[in-house]
Amino acid sequence: MFAVTVTFSLKAGRAEKFMPLMYENARASLENEVGCLQFDVATDSARPEEVFLYEIYSDAAAFDAHLRTAHFQAFDTATADMIAAKDIKTYRSVVQ
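This text gives an overview of the structure that appears in the document. This is a predicted model, so every value here is computed, not measured. (Residues numbered from 1 in each chain as written. Predicted model: local features only at pLDDT ≥ 70, side-chain atom pairs only at ≥ 80, totals over all residues. Heavy atoms only, no water.)

Overview of the environment of Ala 60
Summarising the element assignment, Ala 60 is placed in helix α2 (residues 60-68). Ala 60 sits 56 residues away from Val 4 along the chain, and the two C-alpha atoms are 9.5 Å apart. Those residues in contact with Ala 60 that sit more than four places away from it in its chain are Phe 2 and Arg 92. (Helix = DSSP H or I, 4+ residues; strand = E, 2+ residues; numbered from the N terminus. Contact = heavy atoms within 4.5 Å.)

Re helix α1 (residues 15-32)
Quick reminder: α-helices carry 3.6 residues per turn. Residues three or four places apart thus point the same way. Given a rise of 1.5 Å per residue, 18 residues ought to cover 26 Å, and the 25 Å separating the end C-alpha atoms of α1 matches this to within 8%. For α1, the complete set of buried residues consists of Ala 15, Phe 18, Met 19, Met 22, Asn 25, Ala 26, Ala 28 and Ser 29. On the buried face of α1, the contacting elements are β1 (2-10), β2 (36-42), β3 (50-57), α2, α3 (70-79) and β4 (83-91). (Expected span 1.5 Å × (residues − 1). Buried < 20%, exposed > 50% of the residue type's maximum accessible area, 1.4 Å probe, protein only.)

No statement about biological role is implied by the geometric values presented.
Pasting the structure below:
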């Protein structure tokens, strides 16, 4: 398995528009991508401009395929101006 974590720092006041797009991207990933095994979206009201993702894919190729999907490309384009910073980390070994 292959894990991906993403921490988004959103621009002030953008969370309300960002979150529905994020949830739709997560839903589409789980429903339409065979290699997407888990897609968690974590938030905390104490930090409304921070969004943390934990994604599990069958392998790195499945994650690469995710990045090429129409739903991810649409999400990435629609949210680009809402994001102040994004930190992405990948992990090639996952034990559950």
